[in-house]
Amino acid sequence: MGSVRGDLAALPELDEASLLRGLRERFLRQLPYTDIGDILIAMNPFQPLPLYGTDVSERYREPTVGTLPPHIFAVASRAYHAMLGCGGSQCIVISGESGAGKTESTKLLLQHIMNLCKGNSQLEQQILQVNPLLEAFGNAQTVMNDNSSRFGKYIQLRFQKNTVQGAKLSEYLLEKSRVVQQDTGERNFHIFYYMFAGLSSEEKEMYGLLDPSLYRYISGRFGTQNVAQRWKHKYQEVCNALDMVGFQEQEQVDMQAILAGVLSLGNVTFEPEESNGSVKVSETSRGWLKAAAGQFGVQEDELLKCLICTMSVTRGEQIQRFHSQQQAEDARDSIAKVAYGRVFGWIVCKINELLAENVDPEVELREIGILDIFGFENFAVNRFEQLCINLANEQLQHFFNHHIFQLEQAAYKEEELPWETITFNNNEPILDLLLAKPLGLLSLLDEQSAFPQATDKTFVDKLNSSFKGNLHFQPGRGRVLSFSIIHYAGKVQYTAGGFLEKNRDTLPANVRGLFINSVTPLLSVLFTGKSLCYDRASHVNQGPPWRELSVGGEAPVL
């Protein structure tokens, strides 16, 4: 019966085959949770199980949960009681493949920690309402997962003694490109579908929303009646969460007007202007341009200028340079992506403002941090976003190898137990390939992005010459411009098209000025930068969230 025990670290032989066999047997017994020492493995059961009711939560309230079967609530309880005791601040790391259940695990951890705090205060209820908001605006359907997080988040719960006093949320790597392009079998961010299902006919008319099948940015069929009913319910959840967390009614109206403007903008198409070789908005999409301008609260002719030309000043003289059709389409998509990204950043900022602790600065606060990062991804087509996601997972793998497993190895040595039966993949060479300066992949990408004449092909050519003979890099084969990285979790082929544009992440000239003068108050705020507590430079420079894992005591890890 050793293979079905709750802690697989107690197996006579701790090798890969034994671990997988033990996990399989527990999964077949509908036991999704298994300990391996201080690490909890959570297997997605893909079905509801009676494991999260009030009676179960009550069993995992006390610090002696080590005598109970492995459970996500046990991780929350250990972190909470260690934080109250001598352990200091704690951090819970959630890692795994896309679809493994990380988002649900985050919600269950928050639910149990708030329950340990009694879960009655308004602040605690507001914290629990953060997840429905983030899921609506930051999650989407992918080929792997119907509710995939398309961003990383780090939630810091701040306590004075045993009472939560505030919370802070940090978000990372929002997949903005999803706003303008989704692959087959995938969808845009949930919020767009929720709006169409949840808004009344009068509200849709107010926002200028038509049938969802008309919008280029909305992919796939809208769904069955049951799906639409579920989305309608989700929309109401989002509205309730916005109210509970503290968003004002006018802010909610402005936000939905901006989202409607993003969709209308996506339907603007272009055609050549025969007289001067420039481009113009096609006659069939003039109405979409007018609609987008109204939803954004800007002048139609000013929005048009941002799409079809670039204005610059040289020696006091204003120069107008007309776009090609491709440049106009890129400008359209860039505006849509940056508008959605600013809305998402503003939501996070507002959450942090509303949940900030209101205590004497002299009072010492302790924290429980929860890091929920996207899992390793390997799709049929992998782009710039997948490289960023997989880099984050390489960093986490390195953290596990060099911090968590070293602690386990030290314990084995102290007890004079053999450690040779299990080895862990050293992924430092892969991190060097990706992060080294000045010749790592990202450094070369930044270098190429700085050259106006550089293309995705010159970037790939640079990689092929720089990493020739590297065991973790393979040049692409065939007609598609690509390259492959041998990650710790396996080989991934990346399609290089769009790498430079996405890395530059440039905002078309004059767009900032256009939106600052918008009569839609929220849009003006998003591009003014003063009232929006979202400083991109400092946000990027603070480094990835896993660098913060060194705070406090030993962290329970999921």
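Predicted model only: the values in this text are computed from it and were never measured. (Residues numbered from 1 in each chain as written. Predicted model: local features only at pLDDT ≥ 70, side-chain atom pairs only at ≥ 80, totals over all residues. Heavy atoms only, no water.)

## Describing the nonpolar core
Selection criterion: To define a nonpolar core, start from buried Ala, Val, Leu, Ile, Met, Phe, Trp, Tyr and Cys residues and group those joined through side-chain atoms within 4.5 Å. Any residue under 20% of the maximum accessible area for its type is buried, any over 50% is exposed, and the rest in between are partly exposed; the area is computed with a 1.4 Å probe on protein chains only. We call two residues in contact whenever any of their non-hydrogen atoms come within 4.5 Å of each other.
One finds F137 and I191 to be the most contacted residues of the largest nonpolar core, which totals 107 residues. Those residues in contact with I191 that lie beyond four places of it in its chain are A136, F137, V238, L259 and Y340. Listed in part, the 25 residues of the second largest apolar core include L387, L433, L434 and F467.

## Overview of the confidence of the model for the chain
A low pLDDT means the predicted coordinates there should not be read in detail. Stated formally: How sure the predictor is of each residue is captured by pLDDT, a score from 0 to 100.
Per-residue pLDDT for the chain has a mean of 87; in total, 90% of the residues score no lower than 70. Confidence drops under a pLDDT of 50 for residues 533-558, and excluding neighbours within four residues, the segment shows 59 contacts in the predicted structure.

## Things to note about the packing of aromatic side chains
Where we set the bar: The pairing test for Phe, Tyr and Trp rings, Trp by its six-membered ring, is centres within 6.5 Å, and the orientation test on the planes gives stacked under 30 degrees, edge-to-face over 60, and tilted for anything in between. Counting from the N terminus, the helices are the DSSP runs of H or I reaching at least four residues and the strands are the DSSP runs of E reaching at least two. Distance and angle both matter: a charge sits over a ring if NZ of Lys or CZ of Arg is within 6 Å of the ring centre and within 35 degrees of the ring normal.
All told, the structure shown has 19 aromatic pairs when counted by the stated rule. Both rings, one in F189 and one in Y340, keep their centres 4.9 Å apart while their planes meet at 10°; by these two values the pair is stacked. On the criterion of sequence distance, the pair formed by F189 in the loop between β7 (163-172) and α6 (190-198) and Y340 in helix α12 (residues 325-355) is long-range, its members being 151 residues apart. Between F459 and F499, the aromatic rings sit 5.9 Å apart at their centres with planes inclined by 25°, giving stacked as the arrangement. Here F459, found in helix α16 (residues 456-466), pairs with F499, found in helix α17 (residues 499-504); they are 40 residues apart in sequence, far enough to count as distant. Judged on exposure class, the residue F459 and its partner F499 are both buried. Ring pairing ties together the aromatic residues F384, F459, F467, F473, F483, Y494 and F499, which thus form one cluster. R187 extends its terminal NZ or CZ atom over the ring of Y193, reaching a point 5.3 Å from the ring centre. In this structure, R342 is placed above the aromatic ring of F527, and the distance from its NZ or CZ to the ring centre is 4.6 Å.

## Let's talk about the sheet that holds strand β15 (residues 490-495)
Cut-off, in case you're wondering: Strand pairing is defined by DSSP finding a minimum of two bridges between the two strands. Fitting a line to C-alpha atoms yields each axis, with helices limited to the stretch in contact; the angle taken between N-to-C directions then spans 0 to 180 degrees.
Within the open sheet, the 3 strands sit side by side as β13-β14-β15. Their pairing is antiparallel. Edge positions in the open sheet fall to β13 (473-475) and β15, since each of these has one partner strand only. Mean inter-strand twist for the sheet, computed between neighbouring axes without regard to direction, equals 20°. Packing of helix α14 (residues 428-435) onto the sheet brings it into contact with β13 and β14 (482-487), and relative to β14 it is tilted by some 145°.

## Comments concerning unusual backbone geometry
Backbone torsion omega between K437 and P438 reads 10°, so that peptide bond is classified as cis. By the secondary structure assignment, P438 is in the loop between α14 and α15 (441-449).

## Some words on the side chain of E394
Our working rule: The sign given to each residue is positive for Lys and Arg and negative for Asp and Glu; His and the chain ends receive no count. Salt bridge, as applied in this entry: a Lys or Arg side-chain nitrogen positioned within 4 Å of an Asp or Glu carboxyl oxygen. Any pair of N or O atoms that falls within 3.5 Å is considered a polar contact. Within protein, one atom must be able to donate a hydrogen and the other to accept it, and sequence-neighbouring residues count only if both atoms are side-chain atoms.
With respect to the element layout, E394 can be found in helix α13 (residues 384-414). For E394, which is buried and forms no salt bridge, the nearest opposite charge comes from K491, at a distance of 14 Å. Here Y488 takes part through its backbone nitrogen, which lies 3.1 Å from a polar atom of the side chain of E394. Not counting residues up to four positions away in its chain, the partners in contact with E394 are N427, I430, L431, H487 and Y488.

## Considerations on the pattern of salt bridges
Going through the model one piece at a time under the given rule, you end up with 22 salt bridges. Note that K153 and D372 form a salt bridge whose closest N and O atoms lie 2.9 Å from each other. Of the two residues, K153 sits in strand β6 (residues 152-160) while D372 sits in strand β12 (residues 366-372), which places them 219 residues apart along the sequence. D372 carries the same exposure label as K153, and that label is buried. Several salt bridges share partner residues, and in doing so they unite R150, E175, R178, E186 and E377 into one network.

## Considering the sheet that holds β12
If you trace the 4 strands from one edge of the open sheet to the other, you get β3-β12-β6-β7, paired in mixed fashion. With partners counted over all chains shown, the strands left at the sheet margins are β3 (90-94) and β7, one partner each. Going from strand to strand, the sheet's axes swing by 15° on average, the running direction of each strand aside. Two elements, β3 and β12, share 5 bridges in a ladder whose sense is parallel. Residue pairing in the sheet places I94 in a bridge with D372 of β12. Sitting on the sheet, helix α5 (residues 122-138) is in contact with β6 and β7, with an inclination near 15° to β7.

## A short note on helix α10 (residues 286-296)
Selection rule: Think of it as the arc spanned by the lines of direction from the helix axis to the C-beta atoms.
Listed in full, the buried residues belonging to α10 are W288, L289, A292, A293, Q295 and F296. Looking straight down α10, one finds its buried side chains confined to an arc of 165°; they lie on one side. Those residues of α10 that are exposed and aimed more than 90 degrees away from the buried face are K290 and G294. Among the structural elements, α7 (201-207), α9 (249-266), β9 (279-281), α11 (300-308), α18 (511-516) and α19 (521-528) are those in contact with the buried residues of α10.

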